[in-house]
Amino acid sequence: MTFEQITENDKLWAVRYDGCLDNVLDTILDQWNDVAWLRDFFKTNFEDLTSYFKITDVNQAIYDTIEDSEQLQCLIMDIAPDANLDEIFRPLENSRTSEILLGKEKARLHNTPRHASWLRIYAIKLEPGIYVVTGGAIKLTRTMQEREHTLAELARMEKVRSYMLDNNIIDKDSFDDYMKEL
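Notes on the structure in this doc start here. These figures come from a predicted structure and were not determined experimentally. Numbers given to residues run from 1 along each chain, matching the order in which its sequence is written. Note on the predicted model: pLDDT of at least 70 is required for a residue's local features to be given, and 80 or more for side-chain atom pairs to be given and counted; whole-chain, interface and lining totals, by contrast, use all residues. Computation of side-chain values covers all heavy atoms of the structure but excludes hydrogens and water.

**What to know about the layout of surface pockets**
Quick note on the threshold: Every definition here rests on a 1 Å grid over the protein atoms only: cavities are sets of points where a 1.4 Å probe fits but cannot get out, pockets are open sets enclosed by protein on both sides within 12 Å along at least five of seven lines, and lining residues have some atom within 4 Å of a point. Grid points are joined across faces, edges and corners, and a volume is the space filled by probe spheres set on the points. Secondary structure elements are defined from DSSP: runs of H or I of at least 4 residues count as helices, runs of E of at least 2 residues count as strands, and each element is numbered from the N terminus. Put simply, Ala, Val, Leu, Ile, Met, Phe, Trp, Tyr, Cys and Pro go in the nonpolar bin, Asp, Glu, Lys and Arg in the charged bin, and everything else, Gly too, in the polar bin.
Here the largest pocket defines a volume of roughly 430 Å³. Along its surface, the largest pocket is lined by 20 residues, and Leu-92, Asn-94, Lys-106, Lys-139 and Arg-142 are the ones closest to its centre. Within the residue set of the lining of the largest pocket, elements represented by two or more residues are α3 (46–53) and β5 (119–127). Residues of the lining of the largest pocket, tallied by class, amount to seven nonpolar, six polar and seven charged. Estimates place the volume of the second largest pocket at around 270 Å³.

Below you can see the structure in the form of C-alpha cells.
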C-alpha cells in the first residue's frame, strides 16, 4: 500500500491499495457517480434500502447518491488553507469521547433535505486536521457489522492502522518521515 496526497496543504491523503489503479478516494467517488454500479448495488441491497430508508425507487436512490456524492466531494476537497477537516470527520464509534492514537473516523453529509445521507468516507486521523482516507461505503444499515461490504471497510481501516503502527507512523511527523524514506 502507498499513500497519495489529495490536497496541496497536506491535510488529506488517501491509500492506494496494492494492485489498484487509483487511490481509494478516487475509486469510491467514481463508484458513487457510476449509474450502472449504483443500480447493481441498490438492486442487491434493495431490502436494506426499503426497510431502513423507506425508499422503493432505485432510480431515486441513484439520483440521491450522485447528488450527495457531489456535495460530499466539494466539502471534503475544500483546499482552503483554513479548511478544518475536523468539522467533517467524526469518530467511527459514536460513543467515543476521547482521542486515541490513529483514531478511526468517518465523514458524511449532515442536514440533507431528503433523508440522512448513506454515504461514508472512512479515514485514519493522524492528528487534528490531518486524515488518511482508507475507503468508503454506502451504509444502509444501523451498524457496519450487519453487511459484508461495510464489514470489509472496517477490516480495511484496521489493516491501514496496523500498517501504520508497524511502520512507526503515529502522527504527521512520523508520516512525513515515512514518506521521505520511499
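**A look at a negative patch on the surface**
How we decide: Patch rule: a residue counts if its relative accessible area is over 30% and it has no salt bridge; like charges are joined within 9 Å, and nonpolar side chains (Val, Leu, Ile, Met, Phe, Trp, Tyr) within 5 Å. All accessible areas in this document rest on Shrake-Rupley with a 1.4 Å probe, and a residue is counted as covered only by the protein chains that are shown. A side-chain nitrogen of Lys or Arg and a carboxyl oxygen of Asp or Glu constitute a salt bridge if their distance falls within 4 Å. Residues scored as charged are limited to Lys and Arg (positive) and Asp and Glu (negative), so that His and the chain ends carry no count. The atoms used to mark charge sites are NZ of Lys, CZ of Arg, CG of Asp and CD of Glu. Buried means the residue's accessible area, taken with a 1.4 Å probe over protein chains only, is under 20% of the maximum for its type, while exposed means over 50%, and partly exposed covers the values in between.
Together, Asp-22, Asp-26, Asp-30 and Asp-34 give the surface a local cluster of negative charge. With respect to the element layout, Asp-22 can be found in the loop between β2 (12–16) and α1 (24–31). Of the residues examined, Asp-22 reaches a relative accessible area of 34% and is grouped as partly exposed.

**Concerning the side chain of Glu-105**
Stated precisely, the cut-off is as follows: Any pair of residues with heavy atoms lying within 4.5 Å of one another is described as a contacting pair.
With respect to the helices and strands, Glu-105 occurs in strand β4 (residues 103–107). In contact with Glu-105, not counting residues within four places along its chain, are Phe-89, Arg-90, Pro-91, Leu-92, Arg-96, Ile-121, Tyr-122, Ala-123, Lys-125, Tyr-131 and Met-157.

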